[in-house]
Amino acid sequence: RAHTDLIQEGDNPRNVHLLLEGFVCRYKVLHDGKRQIVAFFVPGDICDLHVHILGEMDHSIGTLVDSLMVEIDPSTVEALTSNPRINRALWWGTLVDEGTLREWLVNMGQRPADQQMGHIFCELLLRLQAVGRAEGDRFTLPLTQQELADTMGVTVVHVNRVLKHLRREGLVELNGREIRIPDVRRL
């Protein structure tokens with residue numbers, strides 16, 4: 001179900017999660033109750049490939065919409081890694097995740113809110129295109145303004161202003177939950 005934690009910070013991780021349908025996030029909750037979303041997962045993503053090595057989770061993973069997950073036993077993952085091609089693919093996926101995280105750090109640290117949001121939208125478009133979940137320059141964005149705020153580290157009011165600005169500039173078109181990016185390079 002939507003808004004369900006698959007695993008919480010402090011839990012002992014037991015399984016690897018593969019997302020088949022839906023939208024999931026990795027997040028941390030601060031002492032004051034604020035949530036910081038630090039990653040999104042789209043269908044086809046492995047949410048926590050190496051997390052079973054940890055004795056305790058340092059973050060939480062939760063669904064944003066109704067989602068379909070497969071739990072994979074870590075021994076199965078270890079058996080798969082004996083195949084050099086699969087092992088390389090899994091390491092490649094880990095390196096892509098790390099590269100994405102570096103871009104998110106730059107977003108939070110140096111980009112103004114309109115560029116942060118543009119970057120998030122372009123990233124999601126490309127990732128959803130890669131797994132056949134986007135049609136050309138459009139995709140379903142299942143995020144609320146609160147979830148965007150939790151990702152960008154800004155208020156919901158600021159998210160609303162930035163969305164209006166991006167629409168006014170013709171950088172994005174929104175129709176309900178569908179977003180269209182007419183010119184990815186410009187955004």
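### Description of the side chain of Asp-48
1) Next: Its place among the elements puts Asp-48 in the loop between β4 (35–41) and β5 (60–63).
2) Next: Buried within the structure, Asp-48 lacks any salt-bridge partner; its nearest side chain of opposite charge belongs to Arg-26, at an N-O separation of 6.7 Å.
3) Next: A distance of 2.8 Å separates a polar atom in the side chain of Asp-48 from the backbone nitrogen of His-17.
4) Next: If sequence neighbours within four positions are ignored, Asp-48 has contacts with Asn-15, Val-16, His-17 and Ile-61.

### Details of the packing of helix α3 (residues 113–130) against helix α4 (residues 145–152)
1) Next: Following both chains from N to C, one finds α3 and α4 inclined at 110 degrees, their axes separated by 11 Å at the closest point. When the interaxial angle is binned, α3 and α4 end up roughly perpendicular. In contact with Ala-113, Gln-116, Met-117, Ile-120 and Phe-121 of α3, α4 contributes Leu-148, Thr-151 and Met-152.
2) Next: When the residues that make up the contact of α3 with α4 are grouped by side-chain class, the tally is six nonpolar, two polar and no charged.

### Quick look at the sheet that holds strand β9 (residues 173–175)
1) Next: Strand order in the open sheet formed by four strands is β7-β8-β10-β9, and the pairing between neighbours is antiparallel. At either end of the open sheet lies a strand with only one pairing partner, and these are β7 (134–135) and β9.
2) Next: With respect to the sheet, α3 is in contact with β7, β8 (138–140) and β10 (178–180), its orientation differing from that of β8 by roughly 90 degrees.

### So, the pairing of β4
1) Next: Here strand β3 (residues 24–29) pairs with β4 via six bridges, running antiparallel. Bridge pairing in β4 places Val-29 opposite Arg-35.
2) Next: Where β3 folds back onto β4 in an antiparallel hairpin, the turn is made up of five residues, including Gly-33, whose phi is positive at roughly 95 degrees.

### With respect to the side chain of His-17
1) Next: You can see His-17 is positioned in strand β2 (residues 16–21).
2) Next: Within polar-contact distance, the side chain of His-17 engages the side chain of Glu-71 at 3.5 Å.
3) Next: When near neighbours in sequence (up to four residues on either side) are disregarded, His-17 contacts Leu-6, Asp-45, Ile-46, Cys-47, Asp-48, Met-69, Val-70 and Glu-71.

### Remarks on the pattern of salt bridges
1) Next: On inspection of all chains with the given rule, the structure shows ten salt bridges.
2) Next: Residue Glu-123 is joined to Arg-127 by a salt bridge in which the shortest nitrogen-to-oxygen separation is 3.0 Å. Taken as a pair, Glu-123 and Arg-127 lie in helix α3 at a separation of four residues, close to a single helical turn.
3) Next: A salt bridge links Arg-138 to Glu-178; the shortest N-O distance between them is 3.0 Å. Separated by 40 residues along the polypeptide, Arg-138 in strand β8 and Glu-178 in strand β10 bring together distant segments of the chain.
4) Next: Overlapping salt bridges, with partners in common, bring together Asp-45, Glu-123 and Arg-127 in one network.

The rules behind the values
- Residues numbered from 1 in each chain as written.
- Predicted model: local features only at pLDDT ≥ 70, side-chain atom pairs only at ≥ 80, totals over all residues.
- Heavy atoms only, no water.
- Helix = DSSP H or I, 4+ residues; strand = E, 2+ residues; numbered from the N terminus.
- Buried < 20%, exposed > 50% of the residue type's maximum accessible area, 1.4 Å probe, protein only.
- Lys, Arg positive; Asp, Glu negative; His and termini not counted.
- Salt bridge = Lys/Arg side-chain N within 4 Å of Asp/Glu carboxyl O.
- Polar contact = N/O pair within 3.5 Å; in protein donor to acceptor, adjacent residues only side chain to side chain.
- Contact = heavy atoms within 4.5 Å.
- Axes fitted to C-alpha atoms, helices over the stretch in contact; angles between N-to-C directions.
- Parallel < 35°, antiparallel > 145°, perpendicular 65-115°, else oblique.
- Nonpolar A, V, L, I, M, F, W, Y, C, P; charged D, E, K, R; others polar.
- Pairing = 2+ DSSP bridges.

Geometric values such as these leave the question of function open.
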